[in-house]
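# Tertiary structure, described
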Amino acid sequence: MELVDPEDEPPAFRETPSPDDRLWRHPSEMTVGQPASGAPLGTRSPKGPPGRPPTWAVAGVSAVVASLVTTSLVVALVGTRGGSTASDVAVERQMVRPRTVSTVSASPVVDMAERLRPAIVQLKVQAADRSSTGSGVVFRSDGHVLTNAHVVEGASVIRVAMANGQEVGARLVGTDPETDTAVIKLDGANFPVATLGTAVDLRVGQTATAIGFPLGLAGGPSVSGGMVSALHRQVVTTGAANQARTALVDMIQTDAPIAPASSGGALLDANGAVIGITTSVDAIDPVGTGFGFATTIDVARSVADELIRTGKVVHSWLGIEGGDLDNATALDLDLEGGAMVAVVTDASPAQRGGLVTRDVIVAIDGHTVGSMGDLVMALRSHAPGDSVVLKVVRDHRPRTATVTLVERPASS
């Protein structure tokens, strides 16, 4: 028999496979040419030279070999571990899964929220003409809670829901509308408490986290994040029929969302310490969309201690009304700031000390007064009966006035 070299043999004519068949064929099987000499139409030429296996056979053998090698490696690995059981294999598979849960739980905000939530409570207030909800911060283990004065205003019954859903009764200890601060006492003892920090060293741009019970919703306190947007803000609260009430001074401004009923909750620093008692933006004349405010914890704690000790807060009184020095007047007087007097109350310490309208108070006892808020905060550090020395600018001329403070009258 005459052997024919396959390389000399003309390529066989191969019919074009159907589209579905192409998916399962090797490209070499899809060559289209003229039919081999003597070969009928549609027949295929031999598959390569003698002794050389077809391409599909090589691929199949390679896959089998690779599978055997892989299996051998797995068996060897299991063998080195002393013969793992099915449960051992399951554990090994679990160990290589991404650890997304541990990454989330390591978040400082998550840890902070878990630590503070038990000390944040929801107030349910019944008054003669209304029922409302608010938030509070447990700051003493005997059950004393800091909240806003407007939250418990006129309260006849106060019930408090803890973060775990337990509900307890409470009584009102006292309020101070001047700082929008109030204290209530829970029935019971050994309560979890929040860590109180300080607002003395706060800087604009620092991280701030608000925690409270928004909209009276059940299910525990809610956490929202933002930053300290501004310091030493002065805002005016609103009362019944949106009538203006006492201005709150030296407030922390934050863009951390503070929804209605979150009033009385906590504003936290990056370490989870309370730096302020929050006030809902709805309780304040709007000064900027999206902003909330908080009474500094230093003021709130001082007021709370006095309320617990005496049941009321005694404020020293100067007897003026006014505001911050405007830019035009500051430029005219060559001053960087100050508190401008708009009204001097009759028979007040200010009138007896010689102050008049349009006086600009720039210092008290040698400490600079840059705004009306600075003056109010300085006066809060003095008790009725204290004498203070005021530095005043009047008609471009500096002068001093010595004033003896008295207790704020009930009508002021």
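Placed above this text is the structure.
This one's a predicted model, so the numbers in the text were calculated from it and none came from an experiment. (Residues numbered from 1 in each chain as written. Predicted model: local features only at pLDDT ≥ 70, side-chain atom pairs only at ≥ 80, totals over all residues. Heavy atoms only, no water.)

Across its full length, the protein holds 9 helices and 20 strands. Across the 412 residues in the protein, those meeting the buried criterion constitute 37%. The long-range share in the protein, meaning contacts at least 24 apart out of those at least 6 apart in sequence, stands at 60%. Of the roughly 23,000 Å² of accessible surface on the protein, 55% is carried by carbon and sulfur atoms. (Helix = DSSP H or I, 4+ residues; strand = E, 2+ residues; numbered from the N terminus. Buried < 20%, exposed > 50% of the residue type's maximum accessible area, 1.4 Å probe, protein only. Contact = heavy atoms within 4.5 Å. Areas by Shrake-Rupley, 256 points an atom, 1.4 Å probe, with all protein chains shown as cover.)

With that out of the way, let us pick up the sheet that holds strand S2 (residues 131-138). Judged by pairing direction, the barrel is antiparallel, and its 6 strands sit side by side in the order S1-S2-S3-S6-S5-S4 before closing back on the first. The sheet shows a mean angle of 40 degrees between the axes of neighbouring strands, taken without regard to direction. The sheet contacts of helix H6 (residues 297-310) involve strand S3 (144-147), strand S5 (167-176) and strand S6 (181-186), and relative to S6 the element is tilted by about 55 degrees. (Pairing = 2+ DSSP bridges. Axes fitted to C-alpha atoms, helices over the stretch in contact; angles between N-to-C directions.)

What follows concerns the nonpolar core. If you look at the biggest cluster of nonpolar residues, it comprises 23 residues, and the most contacted ones within it are Val-137, Leu-146, Ala-266, Leu-268, Val-274 and Ile-277. The dominant element in this core, judged by the number of residues it contributes, is H6, at 6 residues. By size, the runner-up hydrophobic cluster in this structure holds 20 residues, among which are Ala-339, Val-341, Ile-361 and Ile-364. (Core = buried A, V, L, I, M, F, W, Y, C linked by side-chain atoms within 4.5 Å.)

The next thing to look at is the pattern of salt bridges. Applying the stated criterion across every chain yields a total of 6 salt bridges. Put simply, Asp-305 and Arg-301 hold a salt bridge, and the shortest N to O gap is 3.1 Å. Pair noted here: Asp-305 and Arg-301 are both in helix H6, with a separation of 4 residues, about one helical turn. Note on Asp-305: relative accessible area 28%, which makes it partly exposed. (Salt bridge = Lys/Arg side-chain N within 4 Å of Asp/Glu carboxyl O.)

The next subject is H6. The end-to-end C-alpha distance of H6 is 20 Å, a good match for the 20 Å that 14 residues give at a rise of 1.5 Å each. Along its buried surface, H6 packs onto S3, S5, S6, strand S11 (274-279), strand S12 (292-296) and helix H9 (372-380). Phi turns positive one or two residues past the end of H6, at Gly-311, with a value near 85 degrees. (Expected span 1.5 Å × (residues − 1).)

A positive phi angle, near 60 degrees, is found at Asn-190, a position not held by glycine. Tracing the backbone through its elements, the reader meets Asn-190 in the loop between S6 and strand S7 (207-212). On the basis of relative accessibility, which here comes to 74%, the residue Asn-190 falls in the exposed class. Phi at Asp-395 is positive, roughly 55 degrees, even though this residue is not glycine. Mapping Asp-395 onto the fold places it in the loop between strand S18 (387-394) and strand S19 (397-404).

The pairing of strand S1 (residues 120-127) with strand S4 (residues 155-161) spans 6 bridges and is classified as antiparallel. Following the sheet pairing, Val-125 is matched in S4 by Ile-158. Sheet topology note: the S4/S5 ladder contains 4 bridges and is antiparallel. Within the sheet, the bridge partner assigned to Ala-161 lies in S5 and is Glu-167. A loop of 5 residues connects S4 with S5, the two strands running antiparallel in sequence, and Gly-165 in this loop sits at a positive phi of about 95 degrees.

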